[in-house]
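# An overview of the molecular structure
Below, each chain spelled out in residue letters.
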Amino acid sequence: MLWMSLLYGALVIYGTLFPLSEWTPPLLGWSNPITQSWPDRASRADIIINVLAYIPLGLFLALWLRPRLGLVVAVLFASLFGCGLSFVLEVLQSALPSRVPSLLDWVTNAAGTVLGALIATAFDPKFPVGRMLLKWRHEWFDTGTLINLALVILGLWAMTQTAPFVPSLDWGNLKTGLKPLGTTLRHPETFRPADALSVGLTLLALGLITFHAARRQALWLFLAFSLAVLLAKVPVVGRQLTLEVLVGWSGAMFILFALPRRTPTGMRLSVAGAALLTAYALSQFKAGQDPGTHAINWIPLQGQVGTLVGMSDILETLWPFMAVGLGVRWLTPWRWRRSVMLVGGLAIALLAFTLEWMQQSIPGRFADITDVLLAWLGWTFPSVVSG
């Protein structure tokens, strides 16, 4: 939790002060966000972004501090830290001409931090919810940091499928969510096999990781979980369920249940890693709607700062490489772990860079050095947090 707090805190600071090259003395002096007037109009998307952006910070800090300071003090300290960090960053934005300090931003950031810290209480065994989660955790999964990381990876995948986290049961929105499915059923020639293969490989890998992390037969649990996440795309504004997704899910479930139970662990995790890398590569060659081609962007996080789509893009790149790094970490003897982490990190960075470089010739793709950095970070993270 300490590493995750530091990493996420650095990401928040970078994103809030981006771009870092515009520093100029504030003409009107340093602004105090508390004295700023409330905006006449507030974008719902901006509010959601500001709240969501600080929830992980409050959650990670509270979880790290809880065993050291106690639950109440941990929640209080994490909340105060997040509120103070947001306040300082809003003040510093006075020296960035392209950024505007805002009372609404500070309030929503503070609310996100407090909400994240309060969510941490759900993991405390002193409360009924915490006891229930802890009991469920011990009944189904082995113990250890790497197992916890496997569960985090499953959660990150679920988040990428349900972003921007705004559900609507409006009939028009539900029809929009199912429209691609109906269109492909009426016109089978529009079916995209590469998309179905990418989804199937991803779910196959996640299922194999779940199998390794579980202390009991968990394939039915993973089947229900993955199907629920995919079906949840329908009511989420801006998300859609496709036939390719359902075909990919069906294929992955068939392989998982047909795979012999005594398949060696090394083979399972190797297949999972290869499946994830293949699925990621397939997704990088999918042409976009823009008919033009674009040169690679060399400024980290330039296209991801300040939007829900950008936050989702970060997670979509980060978690697959975290899963690959986790699988390799499981398989590597302790004496080789540092060498494997360094050599593997270089190989992952080169692979990601090659894929990004090739995207410059694909219409509608936006090559970005950020994906290379996230791939390396995801690979390295399991080795760092587990020692």
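A brief report on the enclosed structure follows. (Residues numbered from 1 in each chain as written. Predicted model: local features only at pLDDT ≥ 70, side-chain atom pairs only at ≥ 80, totals over all residues. Heavy atoms only, no water.)

### Section: the layout of surface pockets
The cut-off we apply is this: Definitions used for this entry: grid spacing 1 Å over protein atoms alone; cavity, a set of points where a 1.4 Å probe fits but cannot get out; pocket, an open set with protein on both sides within 12 Å along at least 5 of 7 lines; lining residue, one with an atom within 4 Å of a point. Grid points are joined across faces, edges and corners, and a volume is the space filled by probe spheres set on the points. Per the convention used, a helix needs a DSSP run of H or I reaching at least four residues, while a strand needs a run of E reaching at least two, with both numbered from the N terminus. For this scheme, ten residues count as nonpolar: Ala, Val, Leu, Ile, Met, Phe, Trp, Tyr, Cys and Pro. Four count as charged, namely Asp, Glu, Lys and Arg, and the remainder, Gly too, count as polar.
Of the pockets and cavities examined, the second largest pocket occupies roughly 1900 Å³. In terms of lining, the second largest pocket is formed by 50 residues, of which the most central are Arg239, Ser283, Lys286, Asp313 and Glu316. Those elements giving two or more residues to the lining of the second largest pocket turn out to be α6 (145-162), α8 (193-213), α10 (243-258), α11 (265-284) and α12 (308-331). Top element by residues in the lining of the second largest pocket is α12. It accounts for eight residues. Its residues assigned to classes, the lining of the second largest pocket comprises 20 nonpolar, 19 polar and 11 charged.

### Digging into the packing of helix α9 (residues 219-231) against α10
Spelled out, the test is: Think of each axis as a best-fit line through the C-alpha atoms, taken over the contacting stretch in the case of a helix, with angles from 0 to 180 degrees between the N-to-C directions. Orientation is classified from the angle alone, with under 35 degrees giving roughly parallel, over 145 giving roughly antiparallel, 65 to 115 giving roughly perpendicular, and any other angle giving oblique. We call two residues contacting when some pair of their heavy atoms lies within 4.5 Å.
Where α9 contacts α10, the two axes come as close as 11 Å, and the packing angle between them is 175 degrees. Our classification of the angle between α9 and α10 gives roughly antiparallel. Each of Leu219, Trp220, Phe222, Leu223, Ser226, Leu227 and Leu230 in α9 lies in contact with α10, whose residues at this interface are Val245, Trp249, Met253, Leu256 and Phe257. Counted by class, the contact of α9 with α10 contains 11 nonpolar, one polar and no charged residues.

### Some remarks on the nonpolar core
How we decide: Among buried residues, the Ala, Val, Leu, Ile, Met, Phe, Trp, Tyr and Cys ones that are joined through side-chain atoms within 4.5 Å form a nonpolar core. When a residue's accessible area, from a 1.4 Å probe over protein chains only, is under 20% of the maximum for its type it is buried; when over 50% it is exposed; and in between it is partly exposed.
Membership of the largest hydrophobic core comes to 85 residues, with the highest contact counts inside it found for Ile153, Trp157, Leu203, Leu206, Trp319, Leu326 and Trp330. With 10 residues, the top contributor of residues to this core is α12. Residues in contact with Ile153, not counting those within four places in the same chain, are Leu206, Trp319, Met322, Ala323 and Leu326.

### A look at the pattern of salt bridges
Stated formally: Counted as salt bridges are all cases of a side-chain nitrogen of Lys or Arg within 4 Å of a carboxyl oxygen of Asp or Glu.
Applying the stated criterion across every chain, the model contains three salt bridges. Note that Arg215 and Asp142 form a salt bridge whose closest N and O atoms lie 4.0 Å from each other. With Arg215 in the loop between α8 and α9 and Asp142 in the loop between α5 (128-140) and α6, this pair connects stretches of sequence that are 73 residues apart. Here Arg215 falls in the partly exposed class, since its relative accessible area comes to 43%.

### Notes on the packing of aromatic side chains
Rule in force here: We call Phe, Tyr and Trp rings a pair once their centres come within 6.5 Å, taking the six-membered ring for Trp, and we label the pair stacked below 30 degrees between planes, edge-to-face above 60, and tilted otherwise.
Tallied over the entire structure, the rule returns eight aromatic pairs. When the centroid spacing of 6.2 Å and the interplanar angle of 80 degrees are considered together, the rings of Tyr8 and Phe60 count as edge-to-face. Residue Tyr8 is found in helix α1 (residues 2-16), and its partner Phe60 is found in helix α2 (residues 44-69); the two are separated by 52 residues along the sequence. Residue Tyr8 shares its accessibility class with Phe60, and that shared class is buried. Measuring from ring centre to ring centre gives 6.0 Å for Phe87 and Trp106, while their planes differ by 75 degrees; the resulting arrangement is edge-to-face. Note that Phe87 is positioned in helix α3 (residues 71-92) and Trp106 in helix α4 (residues 103-120), a separation of 19 residues in sequence.

### A look at α5
So the rule is basically this: Helix span is expected to be 1.5 Å times the residue number reduced by one. The arc under discussion is defined with respect to the helix axis, by the directions toward the C-beta atoms.
For α5, which comprises 13 residues, the first-to-last C-alpha distance of 18 Å matches the rise-based estimate of 18 Å (1.5 Å per residue) to within 8%. Residues of α5 that are buried include every one of Gly130, Arg137 and Trp140, and no others. All buried residues of α5 fall inside an arc of 115 degrees around its axis, so they share one side. Counted as exposed and oriented over 90 degrees from the buried face of α5: Pro128, Met132 and Lys135. Those residues of α5 that are buried are in contact with α6 and α9.

Read these as geometric descriptors, not functional statements.
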